[in-house]
Amino acid sequence: SKLSLVSVPLKLSAIFILLWILLIVFEPFISINPNTIQLDKILTTPSLGKAGLHGLLGYDDLGRSIFDRLISGAKISFLVAFAVASISIIIGTFIGVISAYVGGSWDHGLLRIMDVFMAFPGILLAIALSGLMGPGISNVIIALCVVSWVGYARLARAQVLAIKQREHVLGAVALGVSHRYILQRHIFPLILSPLLIEFTFGIAGLVIAEAGLSFLGLGIQAPDSSWGNMIKNGSQYLLIAPHMVIIPGAALMMIIFSINQLGDGIRDYLDPKKQLIME
């Protein structure tokens with residue numbers, strides 16, 4: 001059936017994401033050494049020998065284990081992505097809800113601010129901000145937060161504009177119910193689903209954005225590992241040690257694909273029309 005065909009990649013994506021989360025959580029027990037230099041293993045190709053998991057994916061130009069650096073880079077990438085997405089969804093939802101619910105000059109003013117941010121390509125604005133503030137994890141988080149909250153704000157605003165005209169909200173207003181109660185009980189629960197879906201897809205975009213900034217030298221700096229700077233360093237040895245680029249590139253591609261598949265699954269699960277079709 002169509003459902004079984006769709007569920008297979010979704011399940012595989014969920015397993016893949018769970019595997020990476022487990023590797024990150026149990027990192028202290030794996031005893032990884034992402035910055036340990038072994039001169040005798042420079043540019044060694046992937047193999048499963050005496051080195052065990054540490055040599056499974058080969059070594060880079062300084063003899064550092066790519067397996068260890070891949071896990072360390074995943075930890076940083078997910079940390080940045082979840083931090084930025086969490087901050088952005090809080091700020092963006094608050095601004096969008098207030099803008100739509102209050103309306104009037106507040107709505108027009110906040111909408112113009114959103115339009116200004118939307119006028120600039122997000123990644124270019126993040127590059128400019130990172131260049132001004134300098135590299136580093138905290139600066140990357142700040143730069144990405146500045147460009148990421150707008151999407152949540154516009155989504156929350158559009159949802160509230162539609163919901164505030166419904167009968168249960170108008171009835172609560174007519175009964176003199178406080179605005180805080182209306183927002184908490186009548187509006188916010190109804191906009192949570194689309195925001196959750198946007199949050200899931202936002203994680204994928206932020207992982208790519210962090211990798212892009214690190215690739216350009218504006219994100220995570222050596223000796224800390226990031227999938228972006230691993231690809232950048234490996235590009236210099238693409239002809240003699242292609243595993244330095246292929247492995248982090250494939251990991252980045254697969255995690256983005258998996259997160260997007262998970263987002264599609266959540267969207268289908270929360271969509272009443274999809275649920276009726278499945279039934």
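Further up the page is the structure itself.
Report follows, based on the coordinates. What you see is a predicted model, and the numbers here were worked out from it, not measured in a lab. (Residues numbered from 1 in each chain as written. Predicted model: local features only at pLDDT ≥ 70, side-chain atom pairs only at ≥ 80, totals over all residues. Heavy atoms only, no water.)

### Topic: the overall build of the protein
When helices and strands are tallied, the protein shows 11 helices and zero strands. Going residue by residue from the N terminus, the α and β elements of the protein occur as α-α-α-α-α-α-α-α-α-α-α. For the protein, the spread of C-alpha atoms along the principal axes amounts to about 75 × 50 × 30 Å. Looking at the protein as a whole, 42% of its 279 residues qualify as buried. Here the analysis covers contacts within the protein between residues at least 6 apart in sequence; of these, 69% occur between residues at least 24 apart. In the protein, which carries 18 positive and 15 negative side-chain charges, the distance between the mean positions of the two groups comes to 5 Å. (Helix = DSSP H or I, 4+ residues; strand = E, 2+ residues; numbered from the N terminus. Buried < 20%, exposed > 50% of the residue type's maximum accessible area, 1.4 Å probe, protein only. Contact = heavy atoms within 4.5 Å. Lys, Arg positive; Asp, Glu negative; His and termini not counted. Charge placed at Lys NZ, Arg CZ, Asp CG, Glu CD.)

### Thoughts on a nonpolar patch on the surface
A grouping of L18, I21, L22, V25, F26 and F29 is seen on the molecular surface, where their side chains present a nonpolar patch of about 600 Å² in accessible area. Per-element tally for the nonpolar patch: the top contributor is helix 1 (residues 2-25), with four residues. Relative to the elements of secondary structure, L18 occurs in helix 1. (Patch = residues over 30% accessible without salt bridge, like charges linked within 9 Å, V, L, I, M, F, W, Y side chains within 5 Å. Areas by Shrake-Rupley, 256 points an atom, 1.4 Å probe, with all protein chains shown as cover. Salt bridge = Lys/Arg side-chain N within 4 Å of Asp/Glu carboxyl O.)

### Considerations on the packing of aromatic side chains
For the coordinates displayed, the defined rule picks out four aromatic pairs. Arranged with centres 5.4 Å apart and planes meeting at 65°, the rings of W20 and W227 form a pair that is edge-to-face. Residue W20 is found in helix 1, and its partner W227 is found in helix 9 (residues 227-234); the two are separated by 207 residues along the sequence. What makes W20 buried here is its relative accessible area of 8%. Judged by its relative accessible area of 1%, W227 falls in the buried class. Taking the centre distance of 6.1 Å and the plane angle of 50° together, the rings of F26 and F29 count as tilted. Connected via pairs of aromatic rings, a cluster forms that spans F16, W20 and W227. (Phe/Tyr/Trp six-rings, centres within 6.5 Å; stacked < 30°, edge-to-face > 60°.)

### A few points about the packing of helix 3 (residues 66-102) against helix 4 (residues 104-118)
In contact at an axis separation of 7 Å, helix 3 and helix 4 are set at 140° when each is read in the N-to-C sense. Relative to helix 4, the element helix 3 lies oblique. As helix 3 packs across helix 4, the resulting crossing turns out to be left-handed. Facing helix 3, whose interface residues are I95, S99, A100 and V102, helix 4 presents G104, W106, D107, L110 and M114. When grouped by side-chain class, the residues that make up the contact of helix 3 with helix 4 number six nonpolar, two polar and one charged. (Axes fitted to C-alpha atoms, helices over the stretch in contact; angles between N-to-C directions. Parallel < 35°, antiparallel > 145°, perpendicular 65-115°, else oblique. Left-handed = near helix turned anticlockwise from the far one by under 90°. Nonpolar A, V, L, I, M, F, W, Y, C, P; charged D, E, K, R; others polar.)

### Section: helix 4
The end-to-end C-alpha separation of helix 4 is 21 Å, in line with the 21 Å expected for 15 residues at 1.5 Å each. Listing the buried residues of helix 4 in full gives D107, L110, L111 and M114. Angular distribution of buried residues about the axis of helix 4 spans 105°; they occupy a single face of the element. More than 90 degrees from the buried face of helix 4, the exposed residues found are S105 and H108. Against helix 3 and helix 6 (137-163) lie the buried residues of helix 4. (Expected span 1.5 Å × (residues − 1). Arc of directions from axis to C-beta.)

### As for empty space enclosed by the protein
Summed over the entire model, instances satisfying the criterion amount to one cavity of 30 Å³ or more. Around the largest cavity sit D60, R64, I66, R69, M230, N233 and M244, which together line it. Mapped by element, the contributors of at least two residues to the lining of the largest cavity are helix 3 and helix 9. Considered class by class, the residues forming the lining of the largest cavity number three nonpolar, one polar and three charged. (1 Å grid on protein atoms, 1.4 Å probe; cavity = no way out; pocket = protein on both sides within 12 Å on 5 of 7 lines; lining within 4 Å. Points joined across faces, edges and corners; volume = space filled by probe spheres on them.)

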